[in-house]
Structures are given as C-alpha cells and as structure tokens.
Amino acid sequence: MKQAVVLVGGLGTRLGERTRLVPKPLLEVAGRPFLDYVLDEISRYPAIQEILLLACHRAGQIVDRYEGKRWRNAAISVISEPAQLGTGGALKHAAAQLDQQFILLNGDSFFDFNLLDMVASHATGSCMARIALKRDQAGDRYGRVLLEQDVIKAFLPAGARTNGPINSGVYRIDREVLHMIGDVPCSLEQSVFPRLAANAKMRASLYDGFFIDIGIPDDFERAQIELPQRVRRPAVFFDRDGVLNVDKAYVYRIDDFEWISGARDAIKLCNDLGYLTFVVTNQAGVARGYYGIDEVNQLHDWMNRDLAEIGAHIDEFQYCPYHEAGIIEEWRKASDHRKPAPGMILDCLEGWPVRKEASLLIGDQRHDLEAAAAAGIQGHLFEGGDLVAFVRPLVEAAGMKAEATVNNRGA
C-alpha cells in the first residue's frame, strides 16, 4: 500500500476565530503547522510514496504550501472540493485518484503508533475497512467503539461511556467503500461506517500510543506542549552485516541475503514500541569495486519491502562506501562516516527528532561500540543467537527511561 489520503477540509468551528481565516490543520503548534507533524509521521514509512490532501476551507493556503512538494520520499498532491462535501463526499470527489487500497487520516489529529502494523493486519473474511483504535482515552468527549475480538459491532456516541477504545481517525480503506457513498454531503463516520459495522465488514486494531486531536481549544493548547515532546523518540541503530543479516562477506545481492534469526521481529518490536529505527553500516565493498551504490540502495529498498510484509520498517539506511585502500578513486579516502567514526549516527541524530539519552546501538564488532560511544549513545555487542531476544530487554528498559523523561517534563 503506497497511498495515504489526509482529510484537511473541515471548517474547525469549535476553535472559533482561530480557523476563520486559516485551515485548522495549518494552525501552528510550537511554531509549525500541525499538518507538518502529520506529514512527518506518514512519510516515515518508506512504503508511502504518494500523499493526497483533500482540502476545502481556505484550500488555497493548503495548495500554496504543499502542492507538488515532496515530504521525504512521498509526493504530495492537493485536491480541492468545490464545497463542503463531508468526509465521505471528499473521498467521492477524489475517487479518480484513489488506489484500490489506501490509508485515510484526519489532518487535525495525531496518533503515534506503528502504521504498517495496521496495514499488514489481515482480517479473516470480508473486510472493507480497518480502524486504528486508541485503546483508551479518558473523558466523555469521544465516541466509543464496541468490539468482538477485532470485529467492530457498534459505534457509541460521545458521552455514552467515559472509557474504552476510541476511533483515532486512521483507517485502511478499500475503494469499494466509495459505492456506499450516495448523495453528498456525506459523513463516513455517521453514514458509511455504521453500515459497514452492521454487516461485519469493518475491523479494528488496538494501540496504546500518544493521541491528540486539536479540534477544541483545550486540546489545541495542550498540543503546544505535548506534541513537540512526543515526536522526539528514542532510536535504535542497527549495524547490518552480522546483526540483521548473516555476514557472508560483502553481501549486496538479494539472493545472498539471509536474515539473522529474529532480526525482522526485532525491527518490528522497535517500531511497535515507538523507536526510530536506523541502519548504520560500513560498505567498503563499494570502494573495493565489488559492487556499486545502486546495488546497496536496491538491497536496502528490498529489505524494507520485505519488512513491510510483517508491518515493520527501517526509517533510514546510512552506509559508508569509503575506504582508504579502495581501488575506485571516487571512494578511496578516509571518512568520518566510517565506523569507528560516528558520522552516520550523528547524521541521524541531526536529521531526525531523536531522544538521544534513551537511544542505543546494536553491533557485532568493537568498532560499532566505539562509534556509539563517540556519538554519545549506549552500544551493545551482539554475539549471535536470536536478535529479538537480545533486543527486547534493552529497548523495554530504554523505553521506560524515555517515558519517565517525558512525564517529568510534562509535570
């Protein structure tokens, strides 16, 4: 699944004068448009190559800021509605540009969970939509969702219950849903989804991550403090050969690549726990003339495609093609990116919102640990065995440390 669709056309009337002249998703949170945070999150996933923004209220501002731009590796397009058509009507208006399956999100809410886990979830039987549910969100502002295992049985209105799972506004949608959208304006939430639930064609996945919806003044003000803190995440840096894959000396062909036992599950664990996940690997085979950078990139792209099958991904691959003894002149030199130098790690720390004090590196060589120490993060030596069993206690302990830090700052 390569397409994400973001609803950014609402009037935002509950925010009063704030949204009279500005679309709600463009309201600034800690100095940035809220929608920028949403796009940062979507574009973390290499599978997402296209983002459609469905705009209406003050649509010109959305067009001016985002039309034709790239957000990391995703191309952005804006589709402007001629009038307020509702969430279902917005999809119907954009029908010609929708894939067979796509991810749908609200542009005024942020949910920190592993998006690819929801995408990779396969329901038994017919399913036209899957919702990511926030497992519990206190208060009577939200409607609640009744489940039988992962099948949605009913949607309860706001105030009906003060606890239980809520709809986060993030969905995996089959375009067959468009056939259920009749006259517009039409609301997915009020008209389409209850009918899907009544026919057992809607399922759900439960997640515990940070959730915020800026639709009311109190939560908009809360977002100013909490959202910038929550998007700063701890990171796990993985060496590649000998940690993620069996080291067969200069692996660059997909046919030669063999995952270490538990490696894919270790990456997914990090994704599920909210870690940024990076690969930092010396690739002197480029300088030695064994293969080129295209082959390195092709292998890394394949790794992410393979990981996506289980709902996992690597946020960024960093590799160093340089070596002083190389035979290819372009790559024959010393580099501060070649471990034990910390350059690759430092690039990730600079380019991503990393919570450094809770981050760690997993390597199988002494120079990996030296690079981690030079970058100011903890290094751990993997000497073989099942990688997920090795990683789990490390990331669970670091995650508790990171959560305590966030909670102390927010107190």
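Summary of the structure given here. As the structure is a computational prediction, the values presented were derived from the model and not from experiment.

Of all 6 residues making up strand β7 (residues 101–106), 5 are buried, and the element is well covered by its neighbours. Direction of pairing for strand β1 (residues 3–7) relative to β7: parallel, over a ladder of 4 bridges. Along β7, the bridge assignment pairs valine 5 with leucine 104. Two strands pair when backbone bridges link them, and β7 and strand β12 (residues 166–174) are joined in this way by 5 bridges, in the antiparallel orientation. From the neighbouring strand, leucine 104 faces β12, where its bridge partner is tyrosine 171.

Quick look at helix α8 (residues 293–308) now. End to end, α8 covers 23 Å across 16 residues, agreeing with the expected 22 Å (1.5 Å per residue, within 8%). All of the buried residues in α8 are Val296, Leu299, His300, Trp302, Met303, Asn304, Asp306 and Leu307. Taken together, the buried residues of α8 touch α7 (263–272), β16 (276–282) and β17 (316–320).

Taking 1.5 Å of rise per residue, the 14 residues of helix α6 (residues 217–230) would be expected to cover 20 Å, and the 19 Å separating its terminal C-alpha atoms lies within 8% of that figure. Taking the largest bend as the criterion, α6 deviates by roughly 45°, centred on alanine 223. Taken together, the buried positions of α6 are occupied by Asp219, Phe220, Ala223, Leu227 and Gln229.

The topology assignment puts arginine 233 in the loop between α6 and β15 (235–238). A polar contact of 2.8 Å, which involves the side chain of arginine 233, links it to the side chain of glutamate 41. Those residues within four positions of arginine 233 in sequence are excluded, and the remaining contacts are Glu41, Arg44, Phe110, Asp112, Gly274, Leu276, Pro353, Val354 and Arg355.

Attention shifts here to the sheet that holds β17. Spatially, the 5 strands line up as an open sheet ordered β17-β16-β15-β18-β19, and their pairing is parallel. The open sheet has two edge strands with one neighbour each: β17 and β19 (378–381). Adjacent strand axes in the sheet meet at a mean angle of 20° when their direction is disregarded. With 4 bridges joining them, strand β18 (residues 360–363) and β19 adopt parallel strand pairing. Residue pairing for β19: leucine 361 is matched across the bridge by glycine 379.

About the thresholds
- Residues numbered from 1 in each chain as written.
- Predicted model: local features only at pLDDT ≥ 70, side-chain atom pairs only at ≥ 80, totals over all residues.
- Heavy atoms only, no water.
- Buried < 20%, exposed > 50% of the residue type's maximum accessible area, 1.4 Å probe, protein only.
- Helix = DSSP H or I, 4+ residues; strand = E, 2+ residues; numbered from the N terminus.
- Pairing = 2+ DSSP bridges.
- Expected span 1.5 Å × (residues − 1).
- Contact = heavy atoms within 4.5 Å.
- Bend = angle between axes of the 7 residues up to and from the residue.
- Polar contact = N/O pair within 3.5 Å; in protein donor to acceptor, adjacent residues only side chain to side chain.
- Axes fitted to C-alpha atoms, helices over the stretch in contact; angles between N-to-C directions.

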